Amino acid sequence: MSSKENKPSESWKGFHGPNLGVAIELYEEYTKDPGAVDEELRALFDTLGPPPTSQDEERFIAAEVPTAKQSVGTDMMRKIVGAVKLADTIRLKGHLASNIHPIHKDFKNDSLLELSRYDLTEEDLRQVPVDLLCPDAPSHIKDGLEAINHLKMVYTQTVAFEFGHVQDEEERNWLYKMVESGLYLPNLSKQQRINLLNRLTQVEGFEKFIHRTFVGQKRFSIEGLDVLVPMLDEAVRESVHEGTENIMIGMAHRGRLNVLTHTLGKPYHMIFSEFLHAPKEDLSSESSTGINGWTGDVKYHLGADRQIKEENTVEATVTLANNPSHLEFVSPIVEGYARAAQEDRSQKGEPLQNTLKAYSILIHGDAAFPGQGIVTETLNLSRLTGYQVGGSLHIIANNNIGFTTETYDSRSTTYSSDPAKGFEIPILHVNADDPEACMAAIHLAFQYRKRFKKDFLIDLVGYRRLGHNETDDPFVTQPATYNMIKKHPTARKVYADFLTEQGVIEKAYGGQLEKENLDFLRQEYEKVASKKSEHEVEISQPDFIVNGLPKVKTAVEFDTLKQINEELLEWPESFNANEKLAKILKRRLDGFEEGGKIDWAHGEVLAFASIISDGTPVRLSGQDSERGTFVQRHLVLHDRDTNKMYTPLKELESAKASFAVYNSPLSEAAVVGFEYGYNVHSPETLVLWEAQFGDFANGAQVMFDQWISAGRAKWGQKSGLVILLPHGYEGQGPEHSSGRVERFLVLAAENNWTIANCSSASQYFHLLRRQAAILKKDSVRPLIIMTPKSLLRNSYASSDAKEFSDEEFRPLLEQSGLGKKKTKVERIILCSGKVSIDLAERIDKKSDENWDWLHIARVEELYPFPKRPIRELFASYKNLKEVVWVQEEPKNMGAWPFMESRIRDITPEDVSLSYIGRTFRSSPAEGNPIAHKTEQERIITESLTRKN
């Protein structure tokens, strides 16, 4: 057509911005195939000619030419552009006009979708082709008006969608197609609907029975979000049907008892026994197990496991993680569970991951989701190499309230789900009073995960029928809301009425279900009602905890270590390592020659290599852990030409298990939680987390307080997690000196973990190997190690190769060259870590002095306190006059507050005990390097100065 070669027509000036974009797209379709657009558009484009260039568009916009008198074709284009804008607005903002609030109906904003906003009438819409507005519409949609009404029905009913922030076009188009075609909607049979009503009846009946029977006792009821339980049922059913073997669930305490009894299969009478404090003999369940530690925990913090069996074969396991009241902190732990369950670690190299094997489901609170940073940290893990689990299902149990706090005081966003938009996670809002819509939401979430292996978020919008707990009165702070809630029917009642209207059930059927359920609850209660006990319960540790760690062999044959060492330094011919680094690493060959030394990082890689050669998998993560914060580790090498990576430990010929090392994101809480969860679910794996600097562990304090230190005592949850915390005073200021060992020692009790501050590479080697050897034993416990910084390359902290092949870890390490003349020794210095090396260096510098009066012993294992070896040490020096604890840290920090009473208990009566170190401080170290040097000099000098 000759008109296509003409200059742009002035008629194009009627279209600007998005309107112009739509018109140009339609014109391009027309140029490829005139039959692709309707007759009116063909006539319009025949007269318009080519669309304007960007310069033409600017000229049109700048020109103030009236556009009211346009041709019939231009008017059609206006209708199309307006209709397309309306359709896009429905998709992007229809959620604002949706019916997703059971109580707060006034939250809807319908004005966004009024035709007048787009200068449209119903007649205008009838003239617009369906395909331009909704290409995936069902076949019965015949014109533009029906298409718009269909979109409104899809996007503004009891399910609302937010997909516009999903940047991947394939994903976004798939989501729109599933929703607009109706493919995501489950076609529930009559029996399935009746089963759903029955489940809601069980959920509601359980809560009401507890409320009446155990008056005033806390349970944090699910009422107002009852449909959460059948949603979990559906998620479990769909995932197991696809072959998933482990479903991992993490949630806070609201609704937890209901989930425990219905989703996890914990029997009613077992729940009731916990309210009655009844003995639990003969209350075990084949379908659900939960193990308590010796101190126990409140019932709404406990987890459980349920095995789904088919003809005596376990098809899958459903796990609800133990979780204290720190709400969202369980999220990364459950992700760690899932990752561990997905990986095969039985072969050398990288673990093999199959994301289908495990499915993680995280249930969040609406106030907590935007309010707690751990949520964002966890979301950030979702696509990272070492942490992704092939997509998690997030459900916000949305009460529209946080304790007594209104939404306008608890978040700065429209929805509690909004933080997920930054991670391009599809979001679906659903009304908790519409159970069938909730089932559809679960189906869409699972199908998305199956196809794209990414996270999906369901915002389950409901209410909280009672107060924060069952002793709380919500009418005090939210009288208007709770007047509405009081009058509002329950989800069970709403659904029963709906099914009655649909002719699915008779009117009396819902009441019959209620009665049958109540009768069953009463029977379960009677099983334990007479067994209520008021007797005191003795809390005692099991013998395997009291007795401490077993004796294990950690030495490795010299020739075996030498061979491993050589193999780790044999790289492929095609691999071009950094020349400077290659020279440094090749020097490790000298460590097994006469007079050679093995430094800290070298000892560590030998430990890892020997551990995987023994058949124990190793996983290490942390900020910069591949290279090492202090350029010391270099487990992953980079080709200087191609940047291709090579990890010698993954290629080790003798390895019988996997090795993995990951640079973590800039997170402490989520990553520590993830590694803890990984280790709990994979107890046979040596899992290590390394802080960039020791005090960075502060960012994960909840994980240490609630899980790592106390999980065994509270829940019987075993862990052998290793924590590496760089620690030592080198004048780097208060934030890069202390690993805050005092905080871990304060939590040390009941043999809950091991805390060490080693002074040599061989000690570190044996400590790691000992930890690997006890992983499968009942006595296993976490290991906290204060690791060095400046000592990494210090010859005094290096070890002879024979120390790796002939010795073992020693909790108390006596400094060689001192204390030989036992009758001469008057002072024993006890110290730990770097300061012991500072003392050794000073003594060597003053080798001409007489040191017969002095002996130094390094406390390498701070907890459990090495009472026997220290007491025996004191007893062997008959003329001992004083014991001095020397440390770098301030007096109110470091090990001294923990050590003082314990050392004093075993110090002979005529021997004094004193302290040398920094004075009491609020800050852990000096910020001025000169002040640090002065203070450090004072500590060393005073420690090595004999009293007159």
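The rules we used
- Residues numbered from 1 in each chain as written.
- Predicted model: local features only at pLDDT ≥ 70, side-chain atom pairs only at ≥ 80, totals over all residues.
- Heavy atoms only, no water.
- Pairing = 2+ DSSP bridges.
- Helix = DSSP H or I, 4+ residues; strand = E, 2+ residues; numbered from the N terminus.
- Axes fitted to C-alpha atoms, helices over the stretch in contact; angles between N-to-C directions.
- Buried < 20%, exposed > 50% of the residue type's maximum accessible area, 1.4 Å probe, protein only.
- Patch = residues over 30% accessible without salt bridge, like charges linked within 9 Å, V, L, I, M, F, W, Y side chains within 5 Å.
- Areas by Shrake-Rupley, 256 points an atom, 1.4 Å probe, with all protein chains shown as cover.
- Salt bridge = Lys/Arg side-chain N within 4 Å of Asp/Glu carboxyl O.
- Lys, Arg positive; Asp, Glu negative; His and termini not counted.
- Charge placed at Lys NZ, Arg CZ, Asp CG, Glu CD.
- Contact = heavy atoms within 4.5 Å.
- Core = buried A, V, L, I, M, F, W, Y, C linked by side-chain atoms within 4.5 Å.
- 1 Å grid on protein atoms, 1.4 Å probe; cavity = no way out; pocket = protein on both sides within 12 Å on 5 of 7 lines; lining within 4 Å.
- Points joined across faces, edges and corners; volume = space filled by probe spheres on them.
- Nonpolar A, V, L, I, M, F, W, Y, C, P; charged D, E, K, R; others polar.

Caption draft 1: Here's a closer look at the sheet that holds strand S3 (residues 304–310). Within the open sheet, the 8 strands sit side by side as S1-S9-S10-S8-S7-S2-S4-S3. Their pairing is mixed. Each edge of the open sheet carries a strand with a single partner, namely strand S1 (159–162) and S3. Geometrically, the sheet is characterised by an average inter-axis angle of 20 degrees between neighbouring strands, direction not taken into account.

Caption draft 2: Region of interest: the environment of threonine 907. Relative to the helices and strands, threonine 907 is located in the loop between helix H33 (896–906) and strand S24 (912–918). Residue classification places threonine 907 among the buried positions, given a relative accessible area of 12%. Considered as a pair, threonine 907 and arginine 871 are 36 residues apart in the sequence and their alpha carbons are 7.2 Å apart.

Caption draft 3: Summary view of the environment of glutamate 573. With respect to the helices and strands, glutamate 573 occurs in the loop between helix H22 (558–568) and helix H23 (579–586). What makes glutamate 573 exposed here is its relative accessible area of 83%. Glutamate 573 sits 327 residues away from asparagine 246 along the chain, and the two C-alpha atoms are 43 Å apart.

Caption draft 4: Structural detail: a negative patch on the surface. A contiguous patch of negative charge, built from Glu566, Glu570, Asp590 and Glu593, is present on the exposed surface. Tracing the backbone through its elements, the reader meets aspartate 590 in the loop between H23 and helix H24 (600–613).

Caption draft 5: Examining the pattern of salt bridges more closely. The tally for this structure, following the rule as stated, stands at 54 salt bridges. Where lysine 718 meets aspartate 778, a salt bridge forms, and the shortest distance between an N and an O atom there is 3.6 Å. Here lysine 718, found in the loop between helix H27 (711–715) and strand S16 (722–726), pairs with aspartate 778, found in the loop between helix H29 (761–773) and strand S18 (783–787); they are 60 residues apart in sequence, far enough to count as distant. Taken together, the shared-partner salt bridges connect Asp75, Arg78, Lys79, Asp119 and Asp124 into one network.

Caption draft 6: Layout of the sheet that holds S16. Taking strand neighbours across the sheet as the criterion, the 7 strands line up as S14-S11-S15-S16-S18-S17-S22 in an open arrangement whose pairing is mixed. Strands with a single pairing partner mark the edges of an open sheet, and in this sheet they are strand S14 (659–663) and strand S22 (861–863). Direction aside, the axes of adjacent strands within the sheet are offset by 20 degrees on average. Here 5 bridges tie strand S11 (residues 618–622) to S14, and the two strands are oriented parallel to one another. Residue serine 621 lies in a different strand from S14, and its bridge partner there is tyrosine 662. Packing of helix H25 (residues 669–681) onto the sheet brings it into contact with S11 and strand S15 (686–690), and relative to S15 it is tilted by some 170 degrees.

Caption draft 7: Region of interest: the nonpolar core. Judged by nonpolar contacts, the single largest core of 112 residues is most densely connected at Phe161, Ile395, Leu444, Ile458 and Leu460. In terms of residue count, the dominant contributor to this core is helix H17 (residues 435–452) (11 residues). Apart from residues lying up to four places away in sequence, leucine 460 is in contact with Leu225, Val227, Leu228, Met231, Ile395, Ile396, Ala397, Asn398, Val430, Ala432 and Cys438. Membership of the second largest hydrophobic core comes to 82 residues, among which are Ala420, Leu457, Phe744 and Val825.

Caption draft 8: Up close: empty space enclosed by the protein. Tallied over the full model, the rule gives 8 cavities of 30 Å³ or more. A volume near 140 Å³ is recorded for the largest cavity. In terms of lining, the largest cavity is formed by 14 residues, of which the most central are Leu568, Arg588, Val605, His634 and Pro648. Breaking the lining of the largest cavity down by element, the ones donating at least two residues are H22 and H24. Residues that form the lining of the largest cavity fall into these classes: 9 nonpolar, 3 polar and 2 charged. Empty space within the second largest cavity amounts to approximately 110 Å³. Along the wall of the second largest cavity there are 16 residues; nearest its centre are His727, Asn757, Ser832, Gln887 and Glu889. Of all the secondary-structure elements, those providing two or more residues to the lining of the second largest cavity are helix H31 (834–845) and strand S23 (882–890). If you tally residues by element for the lining of the second largest cavity, the top one is S23, at 5 residues. Here the lining of the second largest cavity is built from residues that sort into 6 nonpolar, 7 polar and 3 charged.

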